[in-house]
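Below are the chains, spelled out letter by letter.
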Amino acid sequence: MSNTTRFDAIVVGAGPSGNAAAYTMARAGLNVLQIERGEYAGSKNVQGAILYADALEQMIPDFREEAPLERHIVEQRIWMMDDKGHTGMHHRSDDYNEERPNRYTIIRAQFDKWFNRQVRDAGATVLYETTVTDLLRDAQGRVIGVQTDREGDGYYADVVVLAEGVNALVGQRSGLRPELRAEDVALAVKEMHFLPQETIESRFNITGGEGVVIEAMGTITEGMVGTAFLYTNRESISIGIGCLVSDLSRVGKCSPYQLLDRFKAHPSIRSLLEGSEMKEYAAHLIPEGGYRAIPELAGDGWIAVGDAGHFVNAVHREGSNLAMTTGRLAAETIIDLHRQGQRCTRQALGAYRKRLENSFVMKDMKKYKDVPRMLEKQGSTIMDLYPRLMNGAAQTWFRVDGRDKKAKENAIVKAAWHARGLGLLGDAVKLARAWR
Amino acid sequence: MRIFVCIKQVPDSAQIRVHPVTNTIMRQGVPTIINPYDLFGLEEALRLRDRFGGEVTVLSMGPPMASESLRKALGYGADRGLLLTDRFFAGSDTLATSYALSRLIEKAAEEQGMPHIVFCGKQTIDGDTAQVGPGIAQRLGLSQLTYVSAIDAVDPEQGTITVRRRADHGVQVLSSRLPAMITMLEGSNQIRRGTQNDVLRAARSDITQWNAAGVGIEDLSLCGLRGSPTVVKRVFAPSVRSEKATIVSSESGVSATASALIEAILERQPALETDLLEQASGY
Ligand SMILES: Cc1cc2nc3c(=O)[nH]c(=O)nc-3n(C[C@H](O)[C@H](O)[C@H](O)COP(=O)(O)OP(=O)(O)OC[C@H]3O[C@@H](n4cnc5c(N)ncnc54)[C@H](O)[C@@H]3O)c2cc1C
């Protein structure tokens, strides 16, 4: 047992990105210190989520044997909601009942704790209830360690991995990254509702470990850019809604939890939650600025991963998988340098960027780089008008009321034209462009 | 000074959920904490060590995962942690627990020497019996100082200690001989934040584990369920108490309301007035 405070690498944070980085480095034999401000990994994390297996499998191939997983997802529902109902798509396949399912619902507090346990078992030293307050630098400005909120002279390392999540206060305070723009972050609130397993399974038409997730958008966000979701866990349901912070403050008329209350009371949702007991409530930011909001990712003695690097694909609601993959790629970059006996300079850490560009991470971030801008301008049309039109059209179509079908078609087209005119064409083009 | 502190890992009662349908307690996924009452003893122990030098050893009996709580105690600044863990201890009541813990203390004393003080929690939040500390004191022949609100003086050389003890209708000042078993009153201090060195050392330390045989327990009928004469007859939600809350109000301002409130309290608790006056005269 050595009492030195010097390490090969220090990882700030024990979320998916920090755990992936610390795990990968510790497995490679590096002397790693991980620092988490929460009482344990996951204690500060928003409760329910979807886990994308692939990113974890890359590091821990047999994770399914031990990780606390709730349900594997066999059915995805995407709903466009108006005030009274929804129109949408359901996709379900028995193919998802495969041996190695691709997506799971998880409870982050339990999952992060488990993942972090693997980090410790791999040999990393992990500190809890300790907040990194600042980066320590040498005379040349190189980052050489961290200071914390506990009494002491700091901890030192060749490189500091910033895996501190979206708020990135350490990065901001040290001037390594700009302050978050309100247009680039969403504020989400989330609740857990407990229900007996049998009730969940009969309500969602599932058995065994099967799970259903619902993603919803529409008038539920009052024209603000945002989405809502509902995930089935083993004995609970995670439900939440989030909107861009810029929209929330501009519109100013409702808070996210008012939106959540309304979402829960919506006729399409209410019956799914009936009789449940609400426990645990959490609010959290999501970086949604996309590719253009990605800050500088590395410098002399430091590297940023996960939400701290703004790696979230808001269109596909992917975050933790990008966090794990960026954490792993940063770790692999550091391991290479370590083995070659090279210092972690800005230039040397540039290899991280290359790894990112070659992976799905940057390719996906680039693909949707224009979506945030488009939403900034077209937000209320897409979030409010189209869901209304869609639900209106569906009703016109399905009601049998003596009107002939041609007249119904005309009514649908007229409603759309009346609402948006030539804008319809423009919207289609913009959407297609942003999606390219 | 050699100081031992007994701690217990308990479910965080603030986070225990009751199953909405079956009405049973759902322990699964409930985070564990160090029994909050134990922390007052730990902090007092650390203060004494800081003053007199020596070592603070934390001890626990529990499942293997209780080593997490011991590690946490090291993070507060304790010097070493010992865990007594064995499946034979499952289901221990206070009698069996105090037996097992006193054997662990004796085992540790073989290596380190007899402790000057053994701190125990006043009670646990998951059992509330307040019997384990006294049980240990009885078995090991330690002086027993319970409900201590402050340690006024200690002399490890002379083997004496003077403490304040909260009694039913006042404060007792007690002098006693060491070694002693002390339970600290809640609020008597506040657990410190360990330093960077403390938490680093804690993260890297191994918690020494013993099993029943390791501490020399041969007669297993004294352990666990078999060694526990206590039988839980029934678990029930307490019924509403007969005392009623009263609202004391006054139209004529805050201080008038306060006076009315105090009057109402003293009317029902006559002993309190003399108590308070007595305590006040002590300062
Ligand atoms: C409501 C909501 C729902 C989501 N749903 C999904 C989903 O279903 N699937 C998905 O893939 N993604 C989802 N995401 C996104 C996902 O949660 C994040 O992308 C992911 O958690 C990022 O991981 P991270 O490790 O970078 O950051 P975090 O998970 O935020 O972890 C950062 C950690 O660092 C710690 N920390 C911060 N500052 C300090 C400091 N100064 N010192 C010490 N420790 C510090 C924090 O306590 C925390 O544990 C969701 C996000 C939200 C808000």
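Rules and cut-offs
Residue positions are counted from 1 within each chain, in the order its sequence is given. Each chain gets a letter, beginning with A, and each ligand a number, beginning with 1, in the order they are written. Thresholds applied to this predicted model are a pLDDT of at least 70 for local features of residues and 80 or more for the giving and counting of side-chain atom pairs; totals over whole chains, interfaces and linings are not thresholded and use all residues. With hydrogens and water set aside, each side-chain value is computed from the structure's full complement of heavy atoms. Only DSSP runs of H or I reaching four residues or more are called helices, and only runs of E reaching two or more are called strands; each is numbered from the N terminus. With the radius of gyration taken over C-alpha atoms, the globule rule is written as 2.2 Å times the number of residues to the power 0.38. Only protein chains enter the accessibility calculation, which uses a 1.4 Å probe; a residue whose area is less than 20% of its type maximum is buried, one above 50% is exposed, and one in between is partly exposed. Whether two residues are in contact is decided by their heavy atoms, any of which lying within 4.5 Å being enough. Note on method: axes are straight lines fitted to C-alpha atoms, helices fitted across the in-contact stretch only, with angles between N-to-C directions ranging 0 to 180 degrees. Any angle from 65 to 115 degrees is called roughly perpendicular, while one under 35 is roughly parallel, one over 145 is roughly antiparallel, and all others are oblique. Left-handed describes a crossing whose near helix is turned anticlockwise from the far helix by less than a right angle; the clockwise case is right-handed. Each residue receives one of three labels: charged for Asp, Glu, Lys and Arg, nonpolar for Ala, Val, Leu, Ile, Met, Phe, Trp, Tyr, Cys and Pro, and polar for the others, Gly being one of them. Near, as used in this document, describes a residue that has one of its heavy atoms within 4 Å of the molecule or strand being considered. Two N or O atoms form a polar contact when they lie within 3.5 Å of each other; inside protein one atom must be a possible hydrogen donor and the other a possible acceptor, and for residues adjacent in sequence the pair counts only when both atoms belong to side chains. Computed by Shrake-Rupley with a 1.4 Å probe, the accessible areas treat only the displayed protein chains as cover when residues are assessed. Domain start and stop points were drawn from an automatic or database domain assignment. UniProt positions are given in the numbering used here, feature names are shortened, and annotations may be inferred rather than shown by experiment. By definition, a salt bridge exists where a carboxyl oxygen of Asp or Glu is found within 4 Å of a side-chain nitrogen of Lys or Arg. Pairing between two strands requires that DSSP report at least two bridges joining them. Put simply, buried Ala, Val, Leu, Ile, Met, Phe, Trp, Tyr and Cys residues joined by side-chain atoms within 4.5 Å make one nonpolar core.

## Here we look at the overall build of chain A
For step 1, the next point in the chain: Looking only at helices and strands, chain A features 14 helices and 17 strands.
For step 2, the next point in the chain: Relative to its length of 436 residues, chain A is compact, with a C-alpha radius of gyration of 23 Å against a globular reference of 22 Å.
For step 3, the next point in the chain: Counting the 436 residues in chain A, one finds 56% classified as buried.
For step 4, the next point in the chain: In chain A, the proportion of contacts linking residues at least 24 apart, taken out of those at least 6 apart, comes to 71%.

## Here's the deal with the packing of helix H1 (residues 16-27) of chain A against helix H9 (residues 320-339) of chain A
Residues and elements named next belong to chain A.
For step 1, the next point in the chain: Look at H1 against H9: their axes get within 7 Å of each other, and the N-to-C directions meet at 30°. Here H1 is positioned roughly parallel relative to H9, judged by the angle of their axes. By crossing handedness, the relation of H1 to H9 is classed as right-handed. On H9, the residues touching Pro16, Ser17, Ala20, Ala21, Thr24 and Met25 of H1 are Ser320, Ala323, Met324, Gly327, Arg328, Ala331, Glu332, Ile334 and Ile335.
For step 2, the next point in the chain: Partitioned by chemical class, the residues of the contact of H1 with H9 number nine nonpolar, four polar and two charged.

## Observations concerning the site of the ligand
Residue and element names in this part refer to chain A.
For step 1, the next point in the chain: Near the ligand you find 36 residues, and of these Ser17, Glu36, Ile50, Asp307 and Ser320 are the closest.
For step 2, the next point in the chain: Between glutamate 36 and the ligand, the recorded distance is 2.6 Å, taken from a side-chain N or O atom to an oxygen atom.
For step 3, the next point in the chain: Aspartate 307 has a polar side-chain atom sitting 2.7 Å from an oxygen atom of the ligand.
For step 4, the next point in the chain: Contact with the protein chains hides 95% of the accessible area of the ligand, taken as 990 Å² for the molecule alone.
For step 5, the next point in the chain: Looking at the shell around the ligand, the elements that each hand over two or more residues are H1, strand S3 (48-52), strand S11 (185-194), strand S15 (277-287) and H9.
For step 6, the next point in the chain: Class assignment of the residues belonging to the shell around the ligand gives a composition of 17 nonpolar, 11 polar and eight charged.
For step 7, the next point in the chain: Split by domain, the shell around the ligand shows at least three residues from each of two domains, domain 1 (6-69 + 101-179 + 291-367) and domain 2 (182-287).

## Quick word on the UniProt feature "domain: ETF-QO/FixC ubiquinone-binding" (unreviewed entry) in chain A
For step 1, the next point in the chain: Mapped onto this structure's residue numbering, the UniProt feature "domain: ETF-QO/FixC ubiquinone-binding" (unreviewed entry) falls at residues 210-285 of chain A.
For step 2, the next point in the chain: Along residues 210-285 of chain A one finds 32% helix and 45% strand; the C-alpha atoms at either end are 29 Å apart.

## Quick word on the pattern of salt bridges
If charged atoms from side chains of opposite charge come close, those side chains can pair.
For step 1, the next point in the chain: Using the criterion set out here, one finds 44 salt bridges over all chains in the structure.
For step 2, the next point in the chain: Residues A:Glu201 and A:Arg71 are paired through a salt bridge, measuring 3.2 Å at the closest nitrogen-oxygen approach. Of this pair, A:Glu201 sits in helix H5 (residues 197-203) while A:Arg71 sits in strand S4 (residues 71-81); the two residues are 130 residues apart in sequence, bridging distant segments of the chain. As far as the burial class goes, A:Glu201 and A:Arg71 line up, both buried.
For step 3, the next point in the chain: With a closest N to O distance of 3.8 Å, A:Arg403 and A:Asp401 form a salt bridge.
For step 4, the next point in the chain: Since its relative accessible area comes to 39%, A:Arg403 is described here as partly exposed.
For step 5, the next point in the chain: Several salt bridges converge on common partners, so that one network encompasses B:Glu43, B:Arg47, B:Arg49, B:Asp50, B:Asp79 and B:Arg192.

## Focus: the sheet that holds strand S13 (residues 208-210) of chain B
Strand pairing in a sheet relies on backbone hydrogen bonds, with the paired strands running either antiparallel or parallel.
Residues and elements named next belong to chain B.
For step 1, the next point in the chain: The mixed open sheet is built from nine strands, whose spatial order is S11-S10-S9-S12-S8-S1-S6-S7-S13. Strand pairing shows two members of the sheet lacking a second neighbour, strand S11 (170-177) and S13, which therefore form its edges. Taken over all neighbouring pairs, the strand axes of this sheet differ in orientation by 35° on average, direction set aside.
For step 2, the next point in the chain: Pairing of strand S10 (residues 160-167) with S11 involves eight bridges; the strand directions are antiparallel.

## With respect to the pairing of strand S6 (residues 103-107) of chain A
All names here are of chain A.
For step 1, the next point in the chain: Burial analysis of S6 places five of its five residues in the buried class, the great majority of the element.
For step 2, the next point in the chain: Burial along S6 is two-sided: the face carrying Arg103, Thr105 and Ile107 and the face carrying Tyr104 and Ile106 are both buried.
For step 3, the next point in the chain: Of the strand pairs in this sheet, S3 and S6 are connected by five bridges, and their pairing is antiparallel. Within the sheet, the bridge partner assigned to alanine 49 lies in S6 and is isoleucine 106.
For step 4, the next point in the chain: As paired elements, S4 and S6 share two bridges and run antiparallel to each other. Within S6, the residue paired with arginine 71 across the bridge is threonine 105.

## What to know about the interface of chain B and chain A
For step 1, the next point in the chain: On the chain A side, the residues contacting the 24 residues of chain B number 31 residues.
For step 2, the next point in the chain: Where chain B packs against chain A, one counts five salt bridges.
For step 3, the next point in the chain: We note a salt bridge from B:Lys72 to A:Glu39, for which the minimum N-O separation is 3.3 Å.
For step 4, the next point in the chain: Broken down by secondary-structure element, the contributors of at least two residues to the side of chain B that touches chain A are strand S3 (17-18), strand S5 (32-34), helix H2 (67-76) and helix H5 (196-204) of chain B.

## Overview of the UniProt feature "domain: FixC-like C-terminal" (unreviewed entry) in chain A
For step 1, the next point in the chain: Here the UniProt-annotated "domain: FixC-like C-terminal" (unreviewed entry) positions come out as residues 372-436 of chain A.
For step 2, the next point in the chain: Secondary structure across residues 372-436 of chain A divides into 86% helix and 0% strand, with the first and last C-alpha atoms of the span separated by 14 Å.

## Quick look at the nonpolar core
General note: in soluble globular proteins, nonpolar side chains tend to be found buried as a group.
For step 1, the next point in the chain: By size, the foremost hydrophobic cluster in this structure holds 55 residues, and its most contacted members are A:Met25, A:Phe63, A:Phe115 and A:Phe311.
For step 2, the next point in the chain: At eight residues, H9(A) tops the list of elements feeding residues into this core.
For step 3, the next point in the chain: With sequence-adjacent residues up to four places away left out, A:Phe63 is seen in contact with A:Leu51, A:Ala53, A:Leu56, A:Glu57, A:Leu69, A:Tyr104 and A:Trp114.
For step 4, the next point in the chain: Counting residues in each nonpolar core, the second largest holds 35 residues, with B:Leu42, B:Ile151, B:Ile161 and B:Leu178 among its members.

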